[in-house]
Amino acid sequence: MTKRQVNVPFVTAVVATLALVGLLVVHARVSALPGLTKLEGMAIDARFALRGPRPPASDRVVIVALDDATRARDPEVFQTRRGWATLLRALARYDVKLIAIDLFFEAPEVILPPPLAARVRAEDDRLRDAPPDAAPPELRALLHDVAGELRGDADLAAAVAETHRVFLGAYFRDLGAGSGEAEPPQLQLARHGEVADGGGGGARRPVHASHVDFSLPAIARGAAGAGAVNSFHDGDDIVRRMPLAIGYHDAYYMPLGLAVALADLGHPGDTTYLVGEPTLDAAGRTLPLDRAASLDLDFLGKAELPHVSAADVLAGTAPKSALAGKLVFVGLTYATVDKVATPLDRTADGIELHATLAENVLAGRILHRAGLAWMLAATALLGLVVALAQLRAIRRRAWVPAVAVLVALAGYLALAQLLFAHGTIVAVAPPVAATLVVLAAATIANLATEGREKAHLRAVFSQYVSRAVVDRILADPARARLGGERKELTVLFSDIRSFSGFAEDMKPEELAAFLGEYLTPMTDLVLDSGGTLDKYIGDAVMAIWSAPVDIPDHAARACEVALRMQDALGELNRGWAARGRPAIAIGIGLNTGAMAVGNMGSAARFDYTVLGDQVNLASRLEALTKEYGVGILVGEATAQAAGARFVFRELDVVRVKGRAGAAPVFELVGRAGAARVEPAFAEALAAYRRREFAAAREQFAALAGDRAAATLAARCELLAAAPPPDDWDGVYDQRSK
């Protein structure tokens, strides 16, 4: 096999795919590649956004919000432990099943300096047993009330014990460090049930904490349960997962949402956890574990979980049906306090994380991640698509490989979204990124080998035809054959007025320099607009729009170029005048219609051009500009297709040379908003067509400075002197080409 026979892009794609599959194994097992984890997080967010919010599976989980209304109406909940005790007792009266608090009361409440507080309590105790005349009743009552405020911790502890349905939060700090302080009393309520540690697991092993913030022993003593309130923020500060286990000393602790869910199921603390394993058993439910023993949350969306204001609970105005028998999560929701970013809400309340976890577990709506095998298989399959797209039979057109790969990627993304809707997260960023790298490698290999030949052909042909034509010939060599296709296009002809006489006074080299100076800006205007330069015919320019590349607004683009040609000519004339050269004028004809376009000529030599009756009409319109004394004439189809962006004036109905049918002729006056048409011209034209030649002549003659009106006035004068026959149709027969 010779070197020329080797399909280098194909081989490159295969080798690159195998190399990237191996690299992804390193990414998953050894060390994450920079940026890839963040990209995967963004891909998960996009799947949540496409899926949109979803309602909870039931109304079992309710958030009691310490919101702005509570701050305004019941500020003592935020300020004192007695306020909290009042809220817990109010919830108990609503007969809620469980109360989970996303807070902890780790330090004694301090309202007065401790020595002063001790004196107040002692004096209150003394007066309680003292004779009635020992102090005024008002002083006794005041001292008793103050002493009561100082017993907030005891009041809260009593409320927790009375309700016997409170789950307290625990916050583990200094994650990753060794354990320090001893386990606080009652924190064992948050422990996992059966735990065994074989020492494996790698990245799935839980984090360990050195400190824990938990409520005072007196308050925690009456709690029904407890759970961690930690959450994991990814590198982009978005919370997508919750730790299901956190290590502290020799024990492992569950999150608050899981603890509440297990209690609701009647199996509090019923978990079996083999540290480092990919799953955790919770009351018969298998929960998948990812990095750091975490679970991906299936977020519901902004305000999808039921919310009840704590102020309404305290006032007794909350509907009983909204709380009775429910799992209540109490947390801060006011202002900007305790906000977290999630895939569906960048300002979610922190309490929603714990409530969402409980809802996920109870509803069985658990997101599972496809394993490493899926990621490697997807990468290999997509890489195979890139490789197959490099086969020469497919790669005849340069865009086919890229389109094939994009279609494959779109299909994979659609599959990923479908699986996500059914609870499975498949890797998206690693396979997609790998596929794009493989495509880039194959493309570079193509450019370095077979692409060099095409580059040479492009450089040669671009000297003679437009770049768009070269691109199509290179993409499909069959287009170089003779023949064409029928398309609706817009064609432009421009010509210098009286050029032959103008050129007689110039030397050949001066004439060549002049034409170059004139044709360069005119050609640039055509090409910059997306048009194709058909040819130069001496000083004339012929251009087309919407071939070979389709352009929906081809008529409007051609009209804009015609106006810019006239503007550019004004700049050229000013420059020539400064050099002592005479000014020139050009006429431009435009027409839109069905034409034959393609490579026309012989087998030995051909041009990419257009043919047809509509092309001839455009050429005749350019010649008519001299008769009417205007700069730009367009056919009726062009005026209609260009739309309201331009101002047109109907001049006449003309039977052009070499054409049997008559066609309306329009002057392109200018752009809409910058040009206008005198209504008097249309009125004079209507009188002309009614055979009122004398009146029409006077009306046309009154339009001083209008060369088209002067032309029609002269015609009316002749027709008034020698009226046409009765069957006159108002059509003017073109006299010159």
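Residues numbered from 1 in each chain as written. Predicted model: local features only at pLDDT ≥ 70, side-chain atom pairs only at ≥ 80, totals over all residues. Heavy atoms only, no water.

A.B. asks: Can you tell me about the overall build of the protein chain, naming the residues and giving the values?
C.D. replies: Summing up its helical and strand segments, the protein chain has 25 helices and 29 strands in all. Counting across all 737 residues of the protein chain, residues that qualify as buried make up 48%. The long-range share in the protein chain, meaning contacts at least 24 apart out of those at least 6 apart in sequence, stands at 76%. Surface accessibility of the protein chain: about 34,200 Å² in total, with carbon and sulfur atoms responsible for 58%. (Helix = DSSP H or I, 4+ residues; strand = E, 2+ residues; numbered from the N terminus. Buried < 20%, exposed > 50% of the residue type's maximum accessible area, 1.4 Å probe, protein only. Contact = heavy atoms within 4.5 Å. Areas by Shrake-Rupley, 256 points an atom, 1.4 Å probe, with all protein chains shown as cover.)

A.B. asks: Can you lay out the environment of P278 for me, pointing to particular residues and giving the numbers?
C.D. replies: Looking at the secondary structure, you find P278 in the loop between β11 (271–275) and β12 (279–282). The exposure class of P278 is partly exposed, given its relative accessible area of 35%. Remark: the alpha-carbon pair of P278 and P288, spanning ten residues in sequence, is separated by 5.9 Å.

A.B. asks: Which residues make up the sheet that holds strand β14 (residues 294–296), and what values do they have?
C.D. replies: Across the sheet, which stays open at both edges, the three strands sit in the order β7-β8-β14 with antiparallel pairing between neighbours. Every other strand in the sheet has two partners, leaving β7 (232–233) and β14 as the edge strands with one partner each. (Pairing = 2+ DSSP bridges.)

A.B. asks: Describe helix α21 (residues 613–628), and please don't skip the residues or the numbers.
C.D. replies: Taking 1.5 Å per residue as the helical rise, α21 with its 16 residues ought to reach 22 Å, and the 22 Å between its terminal C-alpha atoms agrees with that figure. At E622, α21 shows its maximal kink, close to 25°. Every buried residue belonging to α21 is among Q614, V615, L617, A618, R620, L621, E622, A623, L624, T625 and Y628, and all of these are buried. (Expected span 1.5 Å × (residues − 1). Bend = angle between axes of the 7 residues up to and from the residue.)

A.B. asks: An account of the pattern of salt bridges is needed here, citing residue identities and associated values.
C.D. replies: Under the counting rule described, the total for this entry stands at 42 salt bridges. Across the pair R369 and D290 runs a salt bridge whose closest N-O atoms are separated by 3.5 Å. In this pair, R369 sits in strand β19 (residues 368–369) while D290 sits in the loop between β13 (285–288) and β14, placing the two residues 79 residues apart along the sequence. Taken together, the shared-partner salt bridges connect D45, D234, D236, R240, R241, D290, R291, D296, R346 and R369 into one network. (Salt bridge = Lys/Arg side-chain N within 4 Å of Asp/Glu carboxyl O.)

A.B. asks: Got a sec to walk through unusual backbone geometry? Specific residues and values, please.
C.D. replies: For the bond from A547 to P548, the omega torsion is 0°, close enough to zero to count as cis. Among the structural elements, P548 can be located in the loop between β23 (540–545) and α20 (554–578). Phi is positive for A283, close to 50°, though the residue is something other than glycine. You can see A283 is positioned in the loop between β12 and β13.

A.B. asks: I'd like a rundown of a nonpolar patch on the surface, residues and numbers included.
C.D. replies: Judged by side-chain polarity, L381, L384, L388, L391 and I394 come together as a nonpolar surface patch covering roughly 410 Å² of accessible area. The residue L384 is located in helix α13 (residues 372–389) in this model. What makes L384 partly exposed here is its relative accessible area of 44%. (Patch = residues over 30% accessible without salt bridge, like charges linked within 9 Å, V, L, I, M, F, W, Y side chains within 5 Å.)

A.B. asks: Go over the side chain of Q390 with me, naming the residues and quoting the values.
C.D. replies: Along the chain, Q390 falls in the loop between α13 and α14 (400–421). Classification of Q390 by relative accessible area gives buried; the value is 2%. Only 3.2 Å separates the side chain of Q390 from the backbone oxygen of V386, close enough to count as a polar contact. (Polar contact = N/O pair within 3.5 Å; in protein donor to acceptor, adjacent residues only side chain to side chain.)

A.B. asks: Please provide a residue-by-residue account of the nonpolar core, values included.
C.D. replies: Counting residues in hydrophobic clusters, the biggest one holds 48 residues, and the most contacted among them are F167, L258, V260, Y273, L287 and F329. Considering every element that reaches this core, the biggest residue donor is helix α10 (residues 256–264), with seven residues. Setting aside anything within four residues of it in sequence, one finds L287 in contact with L244, L258, P278, T279, L280, A282, V361 and I366. Ranked by size, the runner-up nonpolar core spans 47 residues in total, among them I101, A159, A220 and A228. (Core = buried A, V, L, I, M, F, W, Y, C linked by side-chain atoms within 4.5 Å.)

A.B. asks: If you had to explain the pairing of β12 to someone new, which residues and values would you point to?
C.D. replies: Only one face of β12 is buried, namely the one carrying L280 and A282, since none of T279 and D281 on the opposite face is buried. Pairing between β11 and β12: two bridges, direction antiparallel. Bridge pairing links T271 to A282 in β12. In textbook terms, the turn of a hairpin is the stretch between consecutive antiparallel strands, and for β11 and β12 this stretch comprises three residues, one of which, G276, has a positive phi near 95°. Taking the residues between adjacent antiparallel strands as the criterion, β12 and β13 are bridged by two residues, where A283 takes a positive phi near 50°.

A.B. asks: An account of the packing of aromatic side chains is requested, with residue identities and associated values reported.
C.D. replies: Tallied over the entire structure, the rule returns 15 aromatic pairs. With 5.5 Å between their ring centres and 75° between their planes, W84 and F105 make a pair best called edge-to-face. Note that W84 is positioned in helix α5 (residues 81–93) and F105 in the loop between β2 (98–101) and α6 (114–129), a separation of 21 residues in sequence. Accessibility assignment for this pair places W84 and F105 in one class, buried. Here a set of aromatic residues connected by ring pairs shows up, and it is made of F48, F299 and F420. (Phe/Tyr/Trp six-rings, centres within 6.5 Å; stacked < 30°, edge-to-face > 60°.)

A.B. asks: Can you tell me about helix α24 (residues 693–701), naming the residues and giving the values?
C.D. replies: Among all positions in α24, only F693, A696 and F700 are buried. Along the long axis of α24, the arc covered by the buried residues comes to 60°, so they all point the same way. Buried residues belonging to α24 abut α23 (679–689) and α25 (707–721). (Arc of directions from axis to C-beta.)

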